[in-house]
Amino acid sequence: MEQGLVFDPEILSRYDVSGPRYTSYPTAPQFHERFDDRAYAEAAQATNASGSTRPLSLYLHVPFCDTVCFYCACNKVITGNYQRAQRYLQYLEREAELQGELFSTDRKVGQLHFGGGTPTYLGDEDLRLVMATLGRHFQLDTSDDREFSIEIDPRAIRPGTIPLLGELGFNRISLGVQDFDPNVQRAVNRIQPFEVTARAVEQARANGFSSTNFDLIYGLPLQTVETYSATLERALELRPERLAIYNYAHLPELFKTQRQIRDADLPDAAEKLAILETTIRRLTDAGYVYIGMDHFALPDDELAQAQRAGTLQRNFQGYSTRAKYDLVALGPTAIGKVGNTYSQNLRDMEAYYGRLDAGHLPVFRGIELSADDRLRRDVISELMCHSRIDYASIEARHGTVFTEVFADALERLSGMEADGLVRIGSDRLDVLPRGRLLLRNVAMSFDAYLDAEAAQRYSKVV
């Protein structure tokens, strides 16, 4: 097990409650419709003040998929009718134009991410078209410093897709894998032979992609420690620079497609914990660094370097080195972070189109952060990224006395301190090795909006 990380099944079972992932604070349930497209436009234009040339980050949501994966809780449109995607691209052009008008033309897009859905559902010529659209309305960084990433389904690419993506400027790729075991794949309706994934990785590296990420999920039907160990070995054969190991949240009452999964086929709580322990031990033995929550990276990867340097950050894509960029979100349900605001686009495709037809951005809710929100966001970010809080640093940035403002939070953490999960000092709080898998639990103590009832809308922490 990696130095600085202790796996304690009894402790993890006891603290396995529901809670936010804290890709934002306040979290999305606090967004409200009083924050609309006009409020967003004002916030966006304010970020241009004083001739700011701070880079931008763009997130583009492509909601389409050919087939449904039974575990999936993402916002998606399952369709074999490609004309629906072509219609979407026409509206994306309008949204990109409206967004581009809000930002100074000298602000480069240093970070770009295509997520979904399945971004490579789009045909190769339409991928080219999308990049041309973005290039018309934003200044895309062409330097080696850019971070342009895309999520791909290795089953949904053509022979020329990955070379084209490299030509278009993408240099990071994230592959949905979930599990290599054929029986598990059949149980979740995602048949993806190892050779298909291996071919995509080989192509990406041959075409200049500097980083490859695999998404795996534990807790899927028919998984056991033995089968998941085999999946890990297959993944390590390809040695991606990053791995994200997600906990499957089975919520069939909320997500209809999950009703295709039989409860009896799911691993029980003890087996899930054993799978997680095996995963952490095997990846750290193989040289991967535990970044936090469900993320691992090789020591020379940018995330691991940022963790060592104390500059690691967190945003809606997870851990990042560029979370301080203003994040401009395009597409249905996409969430942006501009200035001291968060905003989210409409979910329903027709409503999204209707808003753009009326000449308005499809922002339907969001929030402007108060001083207390910004303080708590900073504290929670420190915990999630660095497993510690230096009181003096927080006080210097926010003009407050940490132990006075957070006396109640520190009191709530007394039980975790007694269990050896955190150490509460006079000048800092440290998450101890036994508590590093419970960062979300620690962060919840500093969440002003969370109560026991509200917490139930989130996934389990382990």
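Our subject is the structure listed above.
The present account deals with the structure reproduced in this document. (Residues numbered from 1 in each chain as written. Predicted model: local features only at pLDDT ≥ 70, side-chain atom pairs only at ≥ 80, totals over all residues. Heavy atoms only, no water.)

## A closer look at the packing of aromatic side chains
Condition: Think of it this way: a Phe, Tyr or Trp ring, Trp meaning its six-membered ring, pairs with another when their centres are within 6.5 Å, and the plane angle makes it stacked under 30 degrees, edge-to-face over 60, tilted otherwise. In this text, helices come from DSSP runs of H or I with a minimum length of four residues, and strands from runs of E with a minimum of two, each type numbered from the N-terminal end. Each residue's exposure class comes from its accessible area (1.4 Å probe, protein chains only) as a fraction of the maximum for that residue type: buried when under 20%, exposed when over 50%, partly exposed otherwise.
Tallied over the entire structure, the rule returns 16 aromatic pairs. Centre to centre, the rings of Tyr82 and Tyr121 are 5.7 Å apart; their planes meet at 25°, and the pair counts as stacked. Note that Tyr82 is positioned in the loop between β3 (77-78) and α3 (83-100) and Tyr121 in the loop between β4 (108-116) and α4 (124-137), a separation of 39 residues in sequence. When its relative accessible area of 24% is taken as the criterion, Tyr82 is described as partly exposed. Taken together, Phe64, Tyr82, Tyr88, Tyr91, Tyr121, Tyr352 and Tyr353 form an aromatic cluster joined through their ring pairs.

## A word on the nonpolar core
Worth spelling out the cut-off: Definition used in this section: a nonpolar core is a set of buried Ala, Val, Leu, Ile, Met, Phe, Trp, Tyr and Cys residues joined via side-chain atoms within 4.5 Å.
Residues Tyr40, Phe170 and Phe446 are the most contacted members of the largest nonpolar core, which totals 121 residues. The greatest single-element share of this core, amounting to six residues, is contributed by helix α12 (residues 371-386). Val68, Cys72, Val188 and Ile261 belong to the second largest nonpolar core, which has twelve residues in total.

## What about the pairing of strand β9 (residues 242-247)?
This is how the line gets drawn: In short, DSSP must find at least two bridges between two strands for them to pair. Handedness of a crossover is defined as follows: with both strands directed away from the viewer, a clockwise route from the first strand across the helix to the second makes it right-handed.
Of all six residues in β9, five are buried; the element is thus mostly enclosed. Pairing of strand β8 (residues 211-218) with β9 involves six bridges; the strand directions are parallel. Its bridge partner being in β9, Ile217 is matched across the sheet by Tyr246. Crossover connection from β8 via helix α8 (residues 225-238) to parallel β9: handedness right-handed.

## As for the side chain of Gln258
Applicable threshold: Polar contact is defined as a pair of N or O atoms within 3.5 Å, subject to the rule that within protein one atom must be able to donate a hydrogen and the other to accept it, and that residues adjacent in sequence are counted only when both atoms are side-chain atoms. Any two residues having at least one pair of non-hydrogen atoms within 4.5 Å are treated as being in contact.
Secondary-structure assignment places Gln258 in the loop between β9 and α9 (269-285). A distance of 2.6 Å separates a polar atom in the side chain of Gln258 from the backbone nitrogen of Leu251. In this view, Gln258 contacts Phe70, Tyr71, Ala73, Tyr248, Ala249, His250, Leu251 and Pro252; residues no more than four positions away in its chain are not counted.

## A word on the sheet that holds strand β18 (residues 388-390)
Short version of the rule: Structural elements are reduced to axes, namely lines fitted to C-alpha atoms, with helices fitted over the stretch in contact, and the angle between N-to-C directions of any two is expressed from 0 to 180 degrees.
What the three strands build is an open sheet, ordered β18-β20-β19; its pairing is antiparallel. This sheet does not close on itself; its edge strands, each paired only once, are β18 and β19 (422-424). Pairs of neighbouring strands in the sheet enclose a mean axial angle of 10°, with direction left out of account. With respect to the sheet, α12 is in contact with β18 and β20 (428-431), its orientation differing from that of β18 by roughly 135°. Each of β18, β19 and β20 touches helix α13 (residues 391-398); the most contacted strand, β18, lies at about 60° to it.

## Observations regarding α12
Since the α-helix turns once every 3.6 residues, residues separated by three or four places project in the same direction. Definition in use: Given the number of residues in a helix, its expected span is that number minus one, multiplied by 1.5 Å.
Taking 1.5 Å per residue as the helical rise, α12 with its 16 residues ought to reach 22 Å, and the 22 Å between its terminal C-alpha atoms agrees with that figure. Every buried residue of α12 is accounted for by Asp373, Leu375, Arg376, Arg377, Asp378, Val379, Ile380, Glu382, Leu383, Met384, Cys385 and His386. The first or second residue beyond α12 is Ser387, which carries a positive phi of 60°.

## Description of the pattern of salt bridges
So the rule is basically this: In what follows, salt bridge is the name for a side-chain nitrogen of Lys or Arg lying within 4 Å of a carboxyl oxygen of Asp or Glu.
Per the stated rule, a full pass over the model turns up 32 salt bridges. We note a salt bridge from Glu350 to Arg87, for which the minimum N-O separation is 2.8 Å. On the criterion of sequence distance, the pair formed by Glu350 in helix α11 (residues 349-357) and Arg87 in helix α3 is long-range, its members being 263 residues apart. Look at Glu350 and you get partly exposed, because its relative accessible area is 47%. Of the charged contacts in the structure, one is a salt bridge between Arg428 and Asp430, with a shortest N-O distance of 2.7 Å. Overall, Asp430 belongs to the buried group, its relative accessible area being 12%. Several salt bridges share partner residues, and in doing so they unite Asp145, Glu147, Arg172, Glu302 and Arg322 into one network.

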